[in-house]
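Listed here are the chains, written in short residue letters.
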Amino acid sequence: MRNCVILFWMTIATLMVPNVLLDITEGMSVWACIANFLLPLGIYMLMMSLSPRPGKMTWWLFPFIFFSAFQIVLLYLYGEGVLSVDMLLNVITTNVSEATELLNGILPAVLIVCLLYLPPLALAVANIRSHKSLDLGFVRDMRKIGAVVTIAGCVCIGGAYILNPSFRVLNNIFPLNVSYNLCLAVERSWISAHYQDNVADFRFDAVSTHPADSAEVYVMVIGETARSDNFSLYGYHRDTNPKLSTLAKDSSLIVFRKVWSESNTTHKSVPMLLTTATAEDYSVLYRQKGVITAFKEAGFHTSFISNQLPNHSFIDFFGEEANDCVFIKKSTESDANISDEQLLDYVKSIIARNRKKEFIVLHTYGSHFKYNERYPRDMAHFLPDDKSEAKYENRQCLVNAYDNTILFTDRFLYQLSSILSSSACQSAWLYTSDHGENIYDDNRKKFLHASPNPSEYELRVPLLVWTSASYAKSYPYIISALRSNSLRPASSSVSFFHTMLHMGGINTRYLAPTRSLSSRDYTSPSPLYLNDHNEAIEVLR
């Protein structure tokens, strides 16, 4: 009986740890904090008392144990926020290599959740095997107390609503909020699975306005986790862009100074770059195809070359619209560390085929954690860079390694410019990153990205445009507009698609000149980001 009681309370106590932590981190009212404690406590007591066999009930509550462990890891990384829809979708869309890298970097958090949750699960197994049960009188008492505590929690919810009308049970009470987010994640996964059926008949009706006999190559480069704060082109104190700076000096490179991404998660931000979807109208993603189809309709041969693994997300769907779709890691070991520079070999091969019109999308691995595995050792300029564990005391090593990834990106883009310049084609490339990154930058001590409450470090991104001399000569009004708009606030999520179409001379009713950075009609959008529930929220400045 004694061991059964210990297991009963141990299970409840460990399940309540996230509630206590969230009461500390989320800045809720007193009534909301009490409700966030009492209501789950009462429900757990009722659920554990459904059977006199506590081991059986502990394993029935395993989904909530998993949520609790996941929530603690999230708080370890970001210091705040509830397990979100985007986090749950990241679990689905990540791969073994990425997951292993992350887990190796947060070993203290993994150790904490193992020490916390493995003992009750092990005791539950022992209890099931021993067939020992709680006293029925104890079970009845716990049901009564659980009911009283649950009612008290409901009363506190009423107080929380009175003090704060924006309070929502499905947003603020753990694990009800996570259960709700899981339902949303399942719904979005279902929509993704049926995307192809929804857009089967979609057409941009796109045509090229450029001369039919002109040889053209346009490249969209989508970076990964690169924030503009660490680009010397944007004023960073370290020289992380020595090669791109030379292109800026000879006027072939234009730097857009005030750019933000409308999402800090890859599975949202990249699709927005490839389509007309924005934070204000994200749902169009489910009804339209991407920029590759627009170029293909206009007579271009299209290629999507990725240094990331396919994950059955919208990124894959838009990439697969291309004439040639290649995930270069797919043919290698899943944990292979392939350099982004291998993407350039594909660019060379495409150009060597001497087709008149080429459109290429390159999806890089850029500055993805672990940073010190993203570049060759000859690019390890900022040292030491050997510590990759997610600890604040490792910050300088992490920053050094991160800066090396930016230095490598600088070389990658410079080499791309050289390849395009050596061809006989009019050419241009656009580069931006899907989102930025936290590297323990301030007193919030956040790390990585995809936090439920994004910081400015996660949203500020670079946006660069390079054009060949022949392109600049043929379309001086485009260059003039790009330079004129380079100091104006811009959203990469809003403008990337439209700027690429406009520069490529693609005409379609879906092209909005007011969103194109290469148009004289460009208008700066409102500073927004897409939150976890796909609502447009104003960026706090």
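Above this note sits the structure.
Asker: Teacher, can you tell me more about the pairing of strand β7 (residues 357-363) here?
Answerer: Regular strands show a simple pattern: their side chains alternate between the two faces of the sheet. Of all 7 residues in β7, 7 are buried, a share of seventy percent or more. Of the two faces of β7, both are covered, the one formed by Lys357, Phe359, Val361 and His363 as well as the one formed by Glu358, Ile360 and Leu362. Examined bridge by bridge, strand β2 (residues 216-223) and β7 share 7 bridges and lie parallel to one another. Within β7, the position partnered with Val221 by the bridge is Leu362. With 6 bridges joining them, strand β5 (residues 301-306) and β7 adopt parallel strand pairing.

Asker: When you look at the pattern of salt bridges in this model, what are you seeing that I'm missing?
Answerer: Where charged atoms from two side chains of opposite charge come close, those side chains can pair. Tallied over the full model, the rule gives 16 salt bridges. The partner of Asp86 in a salt bridge is Lys268, with the nearest N and O atoms 3.1 Å apart. With a gap of 182 residues between them, Asp86 in helix α5 (residues 85-93) and Lys268 in helix α13 (residues 266-274) connect regions that are remote in the sequence. Accessibility assignment for this pair places Asp86 and Lys268 in one class, buried. Here Asp229 makes a salt bridge to Arg460, at a shortest N to O gap of 2.5 Å. With Asp229 in the loop between β2 and α12 (242-249) and Arg460 in the loop between α18 (456-459) and β11 (463-467), this residue pair connects regions lying 231 residues apart in the sequence. Among the residues examined, Asp229 registers a relative accessible area of 22% and is labelled partly exposed. By sharing partners, the salt bridges in this structure join Arg203, Asp205, Glu297 and Arg509 into a single network.

Asker: What should I look at first to understand the environment of Val186 in this one?
Answerer: Turning to its location among the elements, Val186 is positioned in helix α10 (residues 176-193). Given the relative accessible area of 54%, Val186 is considered exposed. On a C-alpha basis, the gap between Val186 and Asp135 in space is 40 Å, while along the polypeptide they are 51 residues apart.

Asker: Please explain the packing of helix α1 (residues 2-25) against helix α4 (residues 62-78) as it appears in this structure.
Answerer: Contact geometry for α1 and α4: axes closest at 8 Å, N-to-C directions at 35°. In the crossing of α1 with α4, the sense of the turn from one axis to the other is left-handed. Of the residues in α4, those in contact with Leu15, Val17, Pro18, Leu21, Leu22 and Thr25 of α1 are Phe64, Ile65, Ser68, Gln71, Ile72 and Leu75. Here the contact of α1 with α4 is composed, by residue class, of 9 nonpolar, 3 polar and no charged.

Asker: Looking at this structure, how should I read α1?
Answerer: Since the α-helix advances by 3.6 residues per turn, residues separated by three or four positions end up pointing in the same direction. For α1, with 24 residues, the first-to-last C-alpha span of 35 Å sits near the 34 Å given by 1.5 Å per residue. Where α1 bends most, the angle comes to about 30°, and this point is Met16, followed within four residues by the proline Pro18. Taken residue by residue, α1 has Cys4, Leu7, Phe8, Thr11, Ile12, Thr14, Leu15, Met16, Pro18, Asn19, Leu22 and Asp23 as its buried positions. Packed against the buried residues of α1 are α2 (30-48), α3 (54-60), α4, α7 (107-130) and α8 (136-163). Phi turns positive, to about 65°, at Gly27, one or two residues after α1.

Asker: How should the side chain of Asn400 be read in this particular structure?
Answerer: Topologically, Asn400 is positioned in helix α17 (residues 395-421). There is a polar contact of 2.8 Å between the side chain of Asn400 and the backbone oxygen of Pro384. In contact with Asn400, other than residues within four places in its own chain, are Arg238, Phe382, Leu383, Pro384 and Asp385.

Asker: What is the right way to read the packing of aromatic side chains from this model?
Answerer: Tallied over the full model, the rule gives 35 aromatic pairs. Each ring, one from Tyr371 and one from Phe447, has its centre 6.3 Å from the other, and the planes form 75°; the classification is edge-to-face. Here the residue Tyr371 occupies a position in the loop between β7 and α17, and Phe447 occupies one in strand β10 (residues 447-448), the gap between them amounting to 76 residues. Take Phe447: its relative accessible area is 0%, and that puts it in the buried class. Of note, Arg257 hangs over the ring of Tyr234, and the distance from its end group to the ring centre comes to 5.7 Å.

Thresholds, definitions, all that
- Residues numbered from 1 in each chain as written.
- Predicted model: local features only at pLDDT ≥ 70, side-chain atom pairs only at ≥ 80, totals over all residues.
- Heavy atoms only, no water.
- Buried < 20%, exposed > 50% of the residue type's maximum accessible area, 1.4 Å probe, protein only.
- Helix = DSSP H or I, 4+ residues; strand = E, 2+ residues; numbered from the N terminus.
- Pairing = 2+ DSSP bridges.
- Salt bridge = Lys/Arg side-chain N within 4 Å of Asp/Glu carboxyl O.
- Axes fitted to C-alpha atoms, helices over the stretch in contact; angles between N-to-C directions.
- Left-handed = near helix turned anticlockwise from the far one by under 90°.
- Contact = heavy atoms within 4.5 Å.
- Nonpolar A, V, L, I, M, F, W, Y, C, P; charged D, E, K, R; others polar.
- Expected span 1.5 Å × (residues − 1).
- Bend = angle between axes of the 7 residues up to and from the residue.
- Polar contact = N/O pair within 3.5 Å; in protein donor to acceptor, adjacent residues only side chain to side chain.
- Phe/Tyr/Trp six-rings, centres within 6.5 Å; stacked < 30°, edge-to-face > 60°.
- Lys NZ or Arg CZ within 6 Å of the ring centre and 35° of its normal.

Note that every value here comes from positions in space, so none of it alone points to a role or purpose.
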